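# Structure assessment
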Amino acid sequence: MTPNRSIQRSLELYERAKQVVPGGTQLLSRRPYIFAAGVAPIFAERGLGSRLWDVDGGEYLDYGMSVSACILGYADRTVNDAVRAQLDRGVAFSLNHPAELELAELLCETIPCAEMVRYAKGGGEACALAVRIARGTTGRDVVLFCGYHGWHDWYLAANLGEPGALDAHLLPAIDPIGVPQALAGTAVPFPYGDLEALEAALAEHRGRVACVIMEPMRSALPPEGYLAGVRELVHEAGALLIFDEVTTGFRHAVGGVQELLGVTPDLAVFAKSLANGFAMGAVVGTRAAMEPAARMFVSSTNWSELVGISAALATLREIRRRQVPRLLREYGEQWIAGFNALAAELGADVRMHGLPVVPQLSFSPTADADTQRKLAALFAQEMCRRGVLIHTHPTPSAAHTADDLAMTLAAAREALAVLRDAQRAGRIDQVLDVTLERPIFQRLVR
Ligand SMILES: Cc1ncc(COP(=O)(O)O)c(C=O)c1O
């Protein structure tokens, strides 16, 4: 058997973290259960390209890439050089800096809906800003949403009026603790892919809907004509359409899903991959949707600090120069083909599917949910023991190489054999060393 790598120091640090950090981690997607609790490391020491080194000195090929933010790979030299050059010249002044404009102009050149740009520091914050702008522009309050859009009051308010509103979009049974009751009824969910349901929601709130904010897609293409239909309905209702491209942005096409599918929203939100892991977010949109923001109080000291701006400029230029969406697609295509061939050869009931830039793993689809969950954990455990950090929604970066793919498939060959044997012998529980906590925030496992 492949021996457990030591994660002693990770575990000690996590114990310390629980004393000073409510919940133990700042980001739910860095909780220990995300990879393989009790087996996978919890604290990283450094990263380079597709690899990270944990605090116990172990080297891992990583398929998390900081919740998909590090699209070029860790510590990308071009991005880091750009940031370093800026550091030596100062990162924030009493005055504005031309790089802010350069980035805004580059975003306008790159993203179909972008004619004007405002910045933020993260995805959730940028979503909140986009919703504020939409409410201010339309003079209306109600927001219809589909998907995950961060932690802010406007979004979690959905569960005030209707306790299960976020169940299908974020996670079941979220208690919107701390969100003002007065916001009840202001955020309303609608199901993805169902134009009639959206039409009904718009009709129910006729004249009061400021915007429809949605993830334009996740791991599969939308039904034919769906997004164009959404756009039409939203405009008929006098509302604005916002695409949240925090996760999709720069991955499927350089200009986002709106470029890939040819449907242009009024506003769009980008973060994460925009700056390869540096803190940066942006709200972009048409002049008509964005210009009223000039009269709104939306302002923050750090929105234009130059670490994020210079990182975003370098990242975006590199994404364009290296044609990153094509690299990600090619890697994913080879991975899906190689993995499924391996699973078939070994007789393992596991499948890799979905769009190649955001592939997914499914374990024993006909088994009960508990067995599927245990098999997924067992796979993560066995891959981790072989130096590969992976969960069911891996996100490779442009730094992942053919050698990385070969290493992944070699590790998968052994891991899948363990799964197959354990399942056949009815011994999954006996070989599973992972502590199975209830994943409290499934959506972010990607
Ligand atoms: C679609 C989407 N919107 C918003 C967010 C929140 O972004 P952040 O974690 O940078 O606040 C995420 C993060 O996973 C996301 O996937």
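Structure first, text after, so check above.
Residues numbered from 1 in each chain as written. Predicted model: local features only at pLDDT ≥ 70, side-chain atom pairs only at ≥ 80, totals over all residues. Heavy atoms only, no water.

### Considering the overall build of the protein
Broken down by element type, the protein carries 15 helices and 13 strands. Its C-alpha atoms give the protein principal-axis dimensions of roughly 65 × 55 × 45 Å. Put simply, the protein has 446 residues, and 56% of those count as buried. Within the protein, counting contacts between residues at least 6 apart in sequence, those at least 24 apart form 73% of the total. Surface summary for the protein: the accessible area is close to 19000 Å², and the carbon and sulfur share equals 52%. (Helix = DSSP H or I, 4+ residues; strand = E, 2+ residues; numbered from the N terminus. Buried < 20%, exposed > 50% of the residue type's maximum accessible area, 1.4 Å probe, protein only. Contact = heavy atoms within 4.5 Å. Areas by Shrake-Rupley, 256 points an atom, 1.4 Å probe, with all protein chains shown as cover.)

### Topic: the sheet that holds strand β4 (residues 116-120)
By definition, the strands of a sheet pair up through backbone hydrogen bonds, in either a parallel or an antiparallel sense. One open sheet holds the 7 strands; their spatial order is β4-β10-β9-β8-β7-β5-β6, and the pairing between them is mixed. Edge positions in the sheet fall to β4 and β6 (187-189), since each of these pairs with one other strand and no more. With strand direction ignored, the average angle separating the axes of adjacent strands in the sheet is 20 degrees. Pairing between strand β5 (residues 142-146) and strand β7 (residues 209-214): 5 bridges, direction parallel. If you follow C146 over to β7, its bridge partner there is M214. (Pairing = 2+ DSSP bridges. Axes fitted to C-alpha atoms, helices over the stretch in contact; angles between N-to-C directions.)

### Observations regarding the sheet that holds strand β2 (residues 51-54)
One open sheet holds the 4 strands; their spatial order is β1-β2-β3-β13, and the pairing between them is mixed. Of all the strands in the sheet, just β1 (44-48) and β13 (388-389) have a single pairing partner and so form its edges. Alignment of strand β3 (residues 59-62) against β13, held across 2 bridges, turns out to be parallel. Residue pairing for β13: D62 is matched across the bridge by L389. Running over the sheet, helix α14 (residues 402-425) touches β2, β3 and β13 and is turned about 100 degrees from β3.

### Describing the site of the ligand
Close to the ligand lie 12 residues; G123, G124, D244, T247 and K272 are nearest. The separation between an oxygen atom of the ligand and a polar main-chain atom of G124 is 2.7 Å. Take Y148: an N or O atom from its main chain is 3.2 Å from a nitrogen atom of the ligand. Per-class residue counts for the shell around the ligand are 3 nonpolar, 5 polar and 4 charged. (Near = heavy atom within 4 Å. Polar contact = N/O pair within 3.5 Å; in protein donor to acceptor, adjacent residues only side chain to side chain. Nonpolar A, V, L, I, M, F, W, Y, C, P; charged D, E, K, R; others polar.)

### Comments concerning the packing of helix α12 (residues 324-346) against α14
Interhelical geometry of α12 versus α14 gives an angle of 30 degrees and a closest axis separation of 10 Å. Helix-helix and strand crossings are classified by hand; for α12 and α14 the assignment is right-handed. Residue-level contacts link Y331, Q334, W335, G338, F339, L342, A343, E345 and L346 of α12 to D404, L405, T408, L409, A412, R413, L416, A417, R420 and R424 of α14. Across the contact of α12 with α14, the residue classes break down as 11 nonpolar, 3 polar and 5 charged. (Left-handed = near helix turned anticlockwise from the far one by under 90°.)

Spatial relationships are all this shows, so hold off on functional conclusions.
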